[in-house]
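Single-letter residue listing:
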Amino acid sequence: MKVITNIKGLVQASDRPLRKVCGKDMQKLSVVENAFLLFDEQTGKIVDFGSMEQWKSLSQQYAHIEETDASGRFVFPAFCDSHTHIVYAGSREIEYNDKIRGLSYEEIAKRGGGILNSVDRLRAASEDELFDAAWERLQEMCAYGTGAAEIKSGYGLDLKSELKMLRVIARLKQKSPMTIRANFLGAHAVPREYIGRQTEYVDLIVNEMIPAVAAEKLADFVDVFCDKGFFTVHDTERILEAGAKYGMKPKIHANELALSGGIQVGVKYGALSVDHLEYVGKDEIAALKDSETMPTVLPGAAFFLGMPLSPVRDMMEAGLPVALASDYNPGSSPSGNMQFVMSLGCVRYRMYPEEVVHATTINTACALGVSDSLGSIERGKTANFYITKKIPTYEYMPYSFGNNKVETVYLQGKRI
Ligand code: NIG
Ligand code: FE
């Protein structure tokens, strides 16, 4: 058993089971001042928390317990990053220049850049090279306070290369103390060899790729880039139905480039989340209202690509929850810094600090299907949390943008 004492503020601590936070409730955040946090490094679970007053009487039961003093520091639940593409080879600064010159994401893709650029490099890379590069990125994410992540395939786009990516994710799951979920994104783009034959590529995904991925149990989820210039609603339905046969839950890319119908098709197939959401109108909000699907916004991608901003305030005012994830990938968001994602949420989307905390912890845990064990400080939940450096307020976390305010990370009760 271990205890953290004299915590200036224990953030997102809950006495009742928290699974997601919606609408106006996102403006309220529970913070226990001058707090303790008791956890078991054997089971990896949170045992108790409360005020230092309460700890004084409790501490007699725990005579030789190891104590860490967190005076002047806050404790937050570790971030859950519910949308990343961290298995990739190389980087894409050439497109960065094109973007600065004013080319759009679609124009870059049409010129053979974009996703297909990363596909060429991924196909040429070995499994070990990919593993090493992705491991580095995971370590970096963790140092910024992330304790759980979803990782997608989607830069292979043929059976062999998609399996290679998913095996890398399986190895990351095995080696890392982070909670990791794998998402099969065969429908990220039409590969060069199928250009002009999109339906045949969808046939390949449905008839060969999904059964092969399922046979090796390599994917928890199935994804489709359902958007203008990429995959249609009909393609998406076929792929989600094929995934469902093997228990792969949908988590999809939707409405980044247009009102694509992606949100509605995601909701129809019980998606855990629909992600991006730059284009959201009344119909999309109405569809989400009647669902368990988590609307997930990716502020890093909109920032990097200069996209229109998702109407998060309209969604929250309609009573919806909102999640924010990093979308860490080489083309649209080369950063997995969830502290910066919070800052972007506040500055660009005018979300309140309380809202961005919910949006990057409990709501992304929900978008990952793990909010029964992660995303808040609760007795019995996994002890995934970070201790900040000395900071004045919890609002300082999004306010002080770009800097790493995390001092120590604990995952499953162990100091990393
Ligand atoms: O989530 N929008 C689609 N896919 C990725 C970008 C991938 C890339 O450009 O390499 C995204 O932003
Ligand atoms: Fe993405």
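Everything here concerns the structure above.
Here's what I pulled together on the structure shown here. The shown structure was predicted, so the numbers you read here are calculated from the model rather than taken from an experiment.

Here's the deal with unusual backbone geometry
Here is step 1 of the chain: Positive phi, normally seen in glycine, also occurs at Lys 217, with a value near 50 degrees.
Here is step 2 of the chain: Within the secondary structure, Lys 217 sits in the loop between α7 (198–215) and β9 (221–226).
Here is step 3 of the chain: Unlike most non-glycine residues, Leu 277 shows phi in positive territory, near 60 degrees.
Here is step 4 of the chain: Assignment of secondary structure puts Leu 277 in the loop between β11 (273–276) and α10 (282–289).

Points about the state of the cysteines
Here is step 1 of the chain: Evaluation of the coordinates by the stated rule reveals zero disulfides.
Here is step 2 of the chain: Between Cys 346, a cysteine without a disulfide, and Cys 80, which holds the nearest cysteine sulfur, the sulfur-to-sulfur distance is 18 Å.
Here is step 3 of the chain: Here Cys 346 falls in the buried class, since its relative accessible area comes to 17%.

Observations concerning the nonpolar core
Here is step 1 of the chain: The biggest cluster of nonpolar side chains holds 105 residues, and the ones touching the most others in it are Leu 172 and Met 351.
Here is step 2 of the chain: Element by element, the count of residues in this core is highest for α7, at nine residues.
Here is step 3 of the chain: Of the residues that make up this core, three or more belong to each of domain 1 (2–78 + 376–415) and domain 2 (79–368).
Here is step 4 of the chain: Counting 16 residues, the second largest nonpolar core, distinct from the first, contains Ile 4, Phe 39, Ile 46 and Tyr 410.

Some details on the sheet that holds strand β7 (residues 146–152)
Here is step 1 of the chain: Spatial ordering of the open sheet is given by β6-β7-β8-β9-β10-β11-β12-β13, a layout of eight strands whose pairing is parallel. The open sheet is flanked by β6 (79–81) and β13 (323–324), the only strands paired with a single partner.
Here is step 2 of the chain: Examined bridge by bridge, β6 and β7 share three bridges and lie parallel to one another. Looking at the pairing, Asp 81 lines up with Ala 149 of β7.
Here is step 3 of the chain: Strands in contact with helix α5 (residues 127–143) are β6, β7 and β8 (179–187); relative to β7, the strand with the most contacts, it is inclined by about 145 degrees.
Here is step 4 of the chain: Contacting β7 and β8, helix α6 (residues 159–175) crosses the sheet at an angle of about 175 degrees to β8.

As for the coordination of the iron ion (ligand 2)
Here is step 1 of the chain: Coordination of the iron ion (ligand 2) by the protein is provided by His 83 (NE2), His 85 (NE2), His 253 (NE2) and Asp 327 (OD), with metal-donor distances spanning 2.1 to 2.4 Å.
Here is step 2 of the chain: All donors of the iron ion (ligand 2) come from a single chain, and their spacing in sequence reads H-x1-H-x167-H-x73-D. Remark: His 253 occurs in strand β10 (residues 249–254) and His 85 occurs in the loop between β6 and α2 (93–101); sequence separation between them is 168 residues. By the burial criterion, His 85 is buried, and His 253 matches it.

Description of the pairing of strand β1 (residues 2–11)
Here is step 1 of the chain: Of all ten residues that make up β1, eight are buried, and the element is covered over most of its length.
Here is step 2 of the chain: Here β1 pairs with strand β4 (residues 66–69) via four bridges, running parallel. Bridging across to β4, Lys 2 finds its partner in Glu 66.
Here is step 3 of the chain: Inspection of the sheet shows β1 paired to strand β5 (residues 73–77) by two bridges, in the parallel sense. Within the sheet, the bridge partner assigned to Leu 10 lies in β5 and is Val 75.

Rules behind the numbers
- Residues numbered from 1 in each chain as written.
- Chains lettered and ligands numbered in written order.
- Predicted model: local features only at pLDDT ≥ 70, side-chain atom pairs only at ≥ 80, totals over all residues.
- Heavy atoms only, no water.
- Helix = DSSP H or I, 4+ residues; strand = E, 2+ residues; numbered from the N terminus.
- Disulfide = S-S within 2.5 Å.
- Buried < 20%, exposed > 50% of the residue type's maximum accessible area, 1.4 Å probe, protein only.
- Core = buried A, V, L, I, M, F, W, Y, C linked by side-chain atoms within 4.5 Å.
- Domains from an automatic or database assignment.
- Pairing = 2+ DSSP bridges.
- Contact = heavy atoms within 4.5 Å.
- Axes fitted to C-alpha atoms, helices over the stretch in contact; angles between N-to-C directions.
- Donors = N, O, S within 2.8 Å, 3.2 Å for Na, K, Ca; no water.

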